[in-house]
Amino acid sequence: MRKKIVAGNWKMNKTAVEAFVLATEVAQLVKSDVPADVQVIMATPALYLTGVSQVVEGISNLAVAAQNCHEKASGAYTGEISAVQLASAAIPYVLIGHSERREYFSESNEQLALKVDAALANGITPIFCCGESLSLREGGNFLAFVADQLTASLFHLSAEEFGKVVIAYEPIWAIGTGLTASAGQAQEMHAHLRVHIAAKYGATIADDCSILYGGSCNAKNAQEIFAGPDVDGGLIGGASLIAADFITIAKSF
Ligand code: PGA
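Because the structure is predicted, anything quoted here is derived from the model rather than measured. (Residues numbered from 1 in each chain as written. Predicted model: local features only at pLDDT ≥ 70, side-chain atom pairs only at ≥ 80, totals over all residues. Heavy atoms only, no water.)

**Here's the deal with the site of the ligand**
Around the ligand lies a shell of 13 residues, among which Lys11, His98, Glu170, Gly176 and Ser216 are the nearest. Contacts to the ligand include Glu170, whose side-chain N or O atom sits 2.6 Å from an oxygen atom. Within the backbone of Ser216, a nitrogen or oxygen atom sits 2.7 Å from an oxygen atom of the ligand. Considering the ligand on its own, with 280 Å² of exposed area, one finds that the protein chains cover 95% of that surface. (Near = heavy atom within 4 Å. Polar contact = N/O pair within 3.5 Å; in protein donor to acceptor, adjacent residues only side chain to side chain. Areas by Shrake-Rupley, 256 points an atom, 1.4 Å probe, with all protein chains shown as cover.)

**Observations regarding the nonpolar core**
Core analysis: the largest hydrophobic core is formed by 70 residues, its most contacted members being Leu154, Ile167 and Ile197. For this core, the leading source of residues is helix α1 (residues 16-33), giving six residues. When residues no more than four places from it in sequence are discounted, the contact partners of Ile197 are Leu150, Phe155, Phe162, Ile167, Gly202, Ala206, Cys209 and Ile211. (Core = buried A, V, L, I, M, F, W, Y, C linked by side-chain atoms within 4.5 Å. Buried < 20%, exposed > 50% of the residue type's maximum accessible area, 1.4 Å probe, protein only. Helix = DSSP H or I, 4+ residues; strand = E, 2+ residues; numbered from the N terminus. Contact = heavy atoms within 4.5 Å.)

**Describing the side chain of Arg137**
By the secondary structure assignment, Arg137 is in helix α6 (residues 134-139). Polar side-chain contacts of Arg137 include one of 3.0 Å to the side chain of Tyr169. Those residues in contact with Arg137 that sit more than four places away from it in its chain are Glu132, Phe142, Tyr169, Trp173, Gln185 and Glu188.

**Observations concerning the sheet that holds strand β3 (residues 62-66)**
Around the barrel, which closes on itself, the eight strands sit in the order β1-β2-β3-β4-β5-β6-β7-β8 with parallel pairing between neighbours. Averaged over all pairs of adjacent strands, the angle between their axes in this sheet comes to 25°, without regard to strand direction. Alignment of strand β7 (residues 211-214) against strand β8 (residues 233-236), held across two bridges, turns out to be parallel. What sits directly across from Gly214, in β8, is Leu235. In the packing of helix α9 (residues 183-201) onto the sheet, the strands contacted are β5 (125-130), β6 (166-169) and β7, and the crossing angle to β7 comes to about 150°. (Pairing = 2+ DSSP bridges. Axes fitted to C-alpha atoms, helices over the stretch in contact; angles between N-to-C directions.)

**Points about helix α7 (residues 142-154)**
Residues spaced three or four apart along an α-helix face the same direction, because each turn holds 3.6 residues. The first and last C-alpha atoms of α7 sit 18 Å apart over 13 residues, in line with the 18 Å expected at 1.5 Å per residue. If you check which residues of α7 are buried, you get Phe142, Val146, Ala147, Gln149, Leu150, Ser153 and Leu154. The arc that holds the buried residues of α7, viewed along the axis, is 145°, so those residues lie on one side. (Expected span 1.5 Å × (residues − 1). Arc of directions from axis to C-beta.)

**Describing the packing of aromatic side chains**
All chains considered together, the criterion is met by five aromatic pairs. Consider the rings of Phe226 and Phe253, whose centres lie 4.8 Å apart with planes at 25°: the pair is stacked. A residue pair is termed long-range when its members are at least 10 positions apart, and Phe226 in helix α11 (residues 222-226) and Phe253 in the segment after α12 (243-250) qualify at 27 residues. With a relative accessible area of 34%, Phe253 lands in the partly exposed category. Between Arg101 and the ring centre of Phe105, over which it is positioned, the NZ or CZ distance is 3.9 Å. Cation over ring: Lys200 sits above Tyr201, and NZ or CZ is 5.7 Å from the ring centre. (Phe/Tyr/Trp six-rings, centres within 6.5 Å; stacked < 30°, edge-to-face > 60°. Lys NZ or Arg CZ within 6 Å of the ring centre and 35° of its normal.)

**Let's talk about unusual backbone geometry**
Although it is not a glycine, Lys11 sits at a positive phi angle of roughly 55°. Its location among the elements puts Lys11 in the loop between β1 (4-9) and α1. With a phi close to 60°, Ala90 is a non-glycine residue in the positive phi region. Along the chain, Ala90 turns up in the loop between α3 (83-88) and β4 (93-96).

**Things to note about the layout of surface pockets**
Of the pockets and cavities examined, the largest pocket occupies roughly 540 Å³. Taken together, 19 residues line the largest pocket, and the ones lying closest to its centre are Met12, Gln67, Asn68, Arg101 and Phe105. Residue contributions to the lining of the largest pocket peak at three residues, all from helix α4 (residues 99-104). The residue inventory of the lining of the largest pocket, partitioned by class, reads nine nonpolar, six polar and four charged. As a volume, the second largest pocket reaches approximately 220 Å³. Around the second largest pocket sit 18 residues that line it, and Gly176, Ser216, Ile236, Gly237 and Gly238 are the ones nearest its centre. Of the residues that constitute the lining of the second largest pocket, the class distribution is seven nonpolar, nine polar and two charged. (1 Å grid on protein atoms, 1.4 Å probe; cavity = no way out; pocket = protein on both sides within 12 Å on 5 of 7 lines; lining within 4 Å. Points joined across faces, edges and corners; volume = space filled by probe spheres on them. Nonpolar A, V, L, I, M, F, W, Y, C, P; charged D, E, K, R; others polar.)

Structure, rendered in structure tokens:
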């Protein structure tokens, strides 16, 4: 059975004190309210990863994630953090290829493939983000485009390696816009990606792969979106910054 996952992407939000308060609230609510079979994740700014790790310690279904990692192990890459370093600080998850990284930091499919490799080589679970722009959606070729993103950055992996990857489908036109994909649109893409994965790795691996939806998912619409049989949870931006909303989403299965 594939895992149900709700991951919060804090992006570049929260001061140190605010981050501690939010993480503490989320930790308390996960303990009291969230079923044990739902994995909750907080992707915090890198600065707060070790602090928030201490807050979540001992809560089996709550973990932290980095929002990015560098593909090289070490070296003269000022400002970057490697998967080796994340692993050395016991960070279990990393977002790879968020559309904001692709757009503002020019991350290519090829570079993302290297980042996925680096994460897996260090025992870190990559949450691989994919998704189409509004013009691609309107042009009608979005299913193939997103499947191609998986092919380009993930399909060099062995079946065993691929089995460790989590996928997050995030249509760019729905991120931070308040314009969410409909439950039908999310399910359509997720089913398409699962078929695409099955064609490469077989039905069992495809069935076991958690595919999350992201893009203006909130406490009001999560239940309807998560009802899709191929929707295994969410990657949540804005609504992950308010503990009560985030936890409502985590209880929306
Ligand atoms: P949003 O962001 O929920 O604020 O739309 C989602 C994301 O970018 O991961």
